[in-house]
Protein chains: 2
Amino acid sequence: MHGYDKHAYEPFAVTVDLAVFTLRAGQLHILLVERGQDPYAGRWALPGGFLAPDESAESAARRELAEETGLSDVAGLHLEQLRTYSEPDRDPRMRVVSVAFAALVPNAPQAQGGGDAARAAWLPYEPGARGAYGPLAFDHDVILADAHERIGGKLEYTCLATAFCPPEFTLGELRQVYEVVWGTELDPANFRRKVLATPGFVEQIPGASRLTGGRGKPAALYRAGGATSLLPPLLKPAPDATEGTR
Amino acid sequence: MHGYDKHAYEPFAVTVDLAVFTLRAGQLHILLVERGQDPYAGRWALPGGFLAPDESAESAARRELAEETGLSDVAGLHLEQLRTYSEPDRDPRMRVVSVAFAALVPNAPQAQGGGDAARAAWLPYEPGARGAYGPLAFDHDVILADAHERIGGKLEYTCLATAFCPPEFTLGELRQVYEVVWGTELDPANFRRKVLATPGFVEQIPGASRLTGGRGKPAALYRAGGATSLLPPLLKPAPDATEGTR
DNA sequence: CCAAAAGTGTTCCTCGTACACCCATGT
DNA sequence: ACATGGGTGTACGAGGAACACTTTTGG
């Protein structure tokens, strides 16, 4: 870090972009806003905004998260810096450097068309194939794909999955988090043992139980434990080579 | 992303900071520059600099890497975005948002006091205890610790370790990378099997061999293979609980 | 009675760990 | 001769994968 003349270089705008995931009806959803103005008017985009003069990217991201989701208690939600996107031409109007975040929300409430965004909605996310939202504005398709990959990877070796669950949940619901994010199926029996064998992953709520959508035996309820790392990791099963490329 | 008035917000300076590691004499070293001016005059700092108007953070980082190390071929070196540091008070003079990178260099040549940096040097890095360089300028101690943690973690599940090695290396040298970065010892026999069992991690150079510091049997030479991910991972041994806190 | 999901038990097999042992070289 | 590091072999044990089986609910 050498010269420090404040005017020697063109100023940059610094923004945050958020990839906010939730689980709804057994499917992974992503929070998107519809752009009201050019460029990319009418296209869907990740929610985000400028850094205020006195806040860090983390603060700005959490503020935007509260505004866009309409959630009152945003303090406990998982919010994680992904990486920074700084290609010179990523915004056609000016130099915008964007710090991207990934966030996880449990029971998604109604999306807020909050503030100045034209419209906000939770849309189902399918990796690879674009879902109901066509190509996103700017480089947000790349950011979204990176965010999904990061979340999927972190499930393997952290206790992050509970961030998708409400305060009280069953082991079947927790398992569904893995299955939906990874797009695979897991053996319920082995999953159960693995989770319970990890100290601090979940704590059983004594006596409580809940019926799971009518059918089946009532399941015991658990809440998230204090642990953050998951050792040994819970590995995503290798894609079966016999399936070929369908 | 809402209003776009170029002058509605205070402009930010955007810089890159580099944590460049190398192995020297069986010890992990970090490239530092000595600051010539206030603030933090006389203190060591990570090399870095401003983004030019037409380059991305990745381009700027690679440019700085070439300038500071004096290496001619910087294209093949491992350079990886770490995260972005944006606390409002991290630079006392103005708002500076810094995109941090971690880089790995094999056989470190002489450090360049290149350009405007007062002095540049490779200094031994010891996690935890500050080494020969006292507290770094700005928040660079935090960045450096984050970078070391990231590198150590990536060794577990990627083939990154070869980035520390010259084009031709022995398995003992590769093993030393892990031992030095992790601060542990590994079983040479099991390490050998693990590496050779991973397709594309290393390729043997037929017929070649090299004496290893005089003593011992000459070792076969290998070069880096094409693989990047290491499955199953090569786990860092858990710290032995019998050792206590010395 | 049947389907579906929770929860328990058991077997098989892979892989990591630890350690013994031989090989080739310098002092 | 001996120390040192490369390289091979092997036995033990933890842990994951697969699957059978029981339990409890709704239809």
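Quantities reported herein were computed from a predicted structural model and do not represent experimental measurements.

(A) Examining the overall build of chain A more closely. Scanning chain A for helices and strands turns up 4 helices and 9 strands. What you see in chain A, going N to C, is helices and strands ordered as β-β-β-β-α-β-β-β-α-α-α-β-β. In chain A, which comprises 246 residues, the proportion classed as buried is 47%. A separation of at least 24 residues holds for 64% of the contacts in chain A among residues at least 6 apart in sequence. Here chain A has roughly 11,700 Å² of accessible surface; of this, 51% comes from carbon and sulfur atoms.

(B) Structural view of the interface of chain A and chain B. Taken together, the 43 residues of chain A in the interface contact 43 residues of chain B. Here chain A packs against chain B, burying approximately 3,900 Å² in sum over the two surfaces, 59% of which is carbon and sulfur. Across the chain A-chain B interface, the total number found is 14 residue pairs in polar contact (both at pLDDT 80 or more). Take the side of chain A that touches chain B: its biggest share by element is 4 residues, from helix H1 (residues 57-69) of chain A. Looking at the side of chain A that touches chain B, its residues break down into 17 nonpolar, 11 polar and 15 charged.

(C) Region of interest: the side chain of A:Thr84. Inspection of the secondary structure puts A:Thr84 in strand S5 (residues 78-85). Residue A:Thr84 is classed as buried on the basis of its relative accessible area of 0%. A distance of 2.3 Å separates polar atoms of two side chains, one belonging to A:Thr84 and the other to B:Thr84. Not counting the four nearest positions on each side in its chain, A:Thr84 is found in contact with A:Val97, A:Ser98, A:Val99, B:Gln81, B:Thr84 and B:Val99.

(D) Layout of the layout of surface pockets. Residue and element names in this part refer to chain A. Of the voids in this model, the second largest pocket is the one considered here, and its volume is about 310 Å³. Contributions of two or more residues to the lining of the second largest pocket are made by strand S6 (96-105) and strand S9 (219-224). Of the residues that constitute the lining of the second largest pocket, the class distribution is 11 nonpolar, 4 polar and 2 charged.

(E) The arrangement of the relation of the copies chain A and chain B in detail. For the match of chain A to chain B, the screw axis carries a shift of 0.0 Å, the RMSD comes to 0.0 Å, and the turn is 180 degrees. Expressed as an axis order, the relation between the two copies is that of a two-fold axis. Comparing interface residues between copies, 100% of those in chain A also lie at the interface in chain B; the contact surface is shared.

So, how was this worked out
- Each chain has its residues counted from 1, running along the sequence as written.
- For this description, chains carry letters from A and ligands carry numbers from 1, given in the order in which they are written.
- Where totals are concerned, whole chains, interfaces and linings use all residues; where local detail is concerned, this predicted model gives features only for residues with pLDDT of at least 70, and gives and counts side-chain atom pairs only at 80 or more.
- Side-chain measures here rest on the full set of heavy atoms in the structure, leaving out hydrogens and waters.
- Counting from the N terminus, the helices are the DSSP runs of H or I reaching at least four residues and the strands are the DSSP runs of E reaching at least two.
- For every residue, the accessible area (1.4 Å probe, protein chains only) is compared with the maximum for its type, and the residue is labelled buried under 20%, exposed over 50%, or partly exposed between those bounds.
- Contacts were defined at the residue level, with two residues in contact if any of their heavy atoms lie within 4.5 Å.
- Only the protein chains shown count as cover for residues, and the accessible areas themselves come from Shrake-Rupley with a 1.4 Å probe.
- By definition, the buried area sums, over both parts, the 1.4 Å-probe accessible area that each loses when the two are put together.
- Counted as a polar contact is a pair of N or O atoms within 3.5 Å, where, for protein atoms, one must be capable of donating a hydrogen and the other of accepting one, and residues adjacent in sequence contribute only when both atoms are in side chains.
- Residue polarity follows a fixed list, in which Ala, Val, Leu, Ile, Met, Phe, Trp, Tyr, Cys and Pro are nonpolar, Asp, Glu, Lys and Arg are charged, and the others, Gly among them, are polar.
- Cavity and pocket criteria rest on a 1 Å grid covering protein atoms alone: a 1.4 Å probe that fits but cannot get out defines a cavity, protein on both sides within 12 Å along at least 5 of 7 lines defines an open pocket, and an atom within 4 Å of a point defines a lining residue.
- Grid points are joined across faces, edges and corners, and a volume is the space filled by probe spheres set on the points.
- When the copies are superposed, the least-squares fit draws on C-alpha atoms of residues that have pLDDT of at least 70 in both.

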